[in-house]
Amino acid sequence: MTLDRILQSQGFGTRRYCGDLIGAGLVEVNGELCEDPRAQFEVDGLRLTVDGEAWVACTKAYLMLNKPAGYECSQRPRNHPSVYNLLPVPLRQREVQAVGRLDHDTTGLLLLTDDGQFIHAQTSPKRKVPKVYEVTTAEPVTPEQAEALRAGVQLDDEPAPIAAEACEITGEHSLRLTLLQGKYHQVKRMVVAAGNHVTALHRSAVGGLKLDPALPEGEWRWLTPEDLAALNSKE
Ligand code: URA
């Protein structure tokens, strides 16, 4: 692909604007200045520096964000800033989307991509991708509550009780819940239905992919091929 198109595909602006950046000597490719917008390169893995910003090109973007509390997973947030504000401009320009949403007060692992098929596959109810939540509760957790969550609890708008795939008591006021669905406020509503109340919620894993413990809150990083394989391993 030509360099101007590559820059455009990475979210650096229109093709003409990218051509101007290249012509102005503001773009390096694999460590060398390139002033020809029509120069041809392979996209994936190309190391770019665009107006001082280092960037590794990729045909599709897959990333994890350590979502902090107080951010909405919406492009048009109502009451809090958007998680998209935590991403650099090129990723926002190429319209990466959250793979399912977390509530504004939920923290932890949020996946984002500009690959629509990937979003569809990961969020399809048929795929039953497990999501692991660390739940803090208002009242002490009882074995009966954990058993109710495992057996299935009735939510208002559901035809049948919904069961957690796994539920483990991890402390006096905490439990680890694995869900196969992604219904609206599902953890909070299930915990209420079991007779308790969520005071804090953190997603620690999706499929076999855990939130990177080295990733600070509010920061993102690219998913590696190993991460993508882990995601589908369901462990
Ligand atoms: N369940 C909830 O209640 N909230 C979330 O953010 C995710 C799952």
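See the structure above.
Since the structure is predicted, the reported quantities are computational estimates derived from the model, not experimental observations. (Residues numbered from 1 in each chain as written. Predicted model: local features only at pLDDT ≥ 70, side-chain atom pairs only at ≥ 80, totals over all residues. Heavy atoms only, no water.)

Trainee: Could you clarify how one ought to interpret the pairing of strand β8 (residues 131-137) in this entry?
Mentor: Most of β8 sits inside the fold, with five of its seven residues counted as buried. Bridge count between β8 and strand β10 (residues 174-179): six bridges; the pairing is antiparallel. Bridged to Y133 within β10 is L177. Here β8 runs beside strand β11 (residues 198-206); their pairing, made up of seven bridges, is antiparallel. Paired with V132 across the bridge in β11 is A205. (Buried < 20%, exposed > 50% of the residue type's maximum accessible area, 1.4 Å probe, protein only. Helix = DSSP H or I, 4+ residues; strand = E, 2+ residues; numbered from the N terminus. Pairing = 2+ DSSP bridges.)

Trainee: Whenever I open this one, the site of the ligand confuses me. Can you help?
Mentor: Around the ligand, the neighbouring residues are L102, D103, T106, Y133, H185, Q186, V187, K188 and L201. Note that an oxygen atom of the ligand is positioned 3.3 Å from one of the backbone N or O atoms of H185. Within the backbone of Q186, one N or O atom sits 3.4 Å away from an oxygen atom of the ligand. With the chains in place, 95% of the 240 Å² that the ligand exposes on its own is no longer accessible. With three residues, the top contributor of residues to the shell around the ligand is helix α6 (residues 186-193). Here the shell around the ligand is composed, by residue class, of four nonpolar, three polar and two charged. (Near = heavy atom within 4 Å. Polar contact = N/O pair within 3.5 Å; in protein donor to acceptor, adjacent residues only side chain to side chain. Areas by Shrake-Rupley, 256 points an atom, 1.4 Å probe, with all protein chains shown as cover. Nonpolar A, V, L, I, M, F, W, Y, C, P; charged D, E, K, R; others polar.)

Trainee: Help me understand the packing of aromatic side chains, please; the structure alone is not making it clear to me.
Mentor: One pair of aromatic rings is described through two measures. These are the centre distance and the angle between the planes. Tallied over the entire structure, the rule returns four aromatic pairs. Ring plane angle 85° and centroid distance 5.6 Å describe the contact between F12 and W55, whose orientation is recorded as edge-to-face. Here W55 lies in strand β4 (residues 53-56) and F12 lies in the loop between α1 (3-9) and α2 (15-23), a separation of 43 residues in the sequence. Here W55 falls in the buried class, since its relative accessible area comes to 6%. An aromatic cluster of three or more residues is present, and its members are F12, W55, W220 and W222. (Phe/Tyr/Trp six-rings, centres within 6.5 Å; stacked < 30°, edge-to-face > 60°.)

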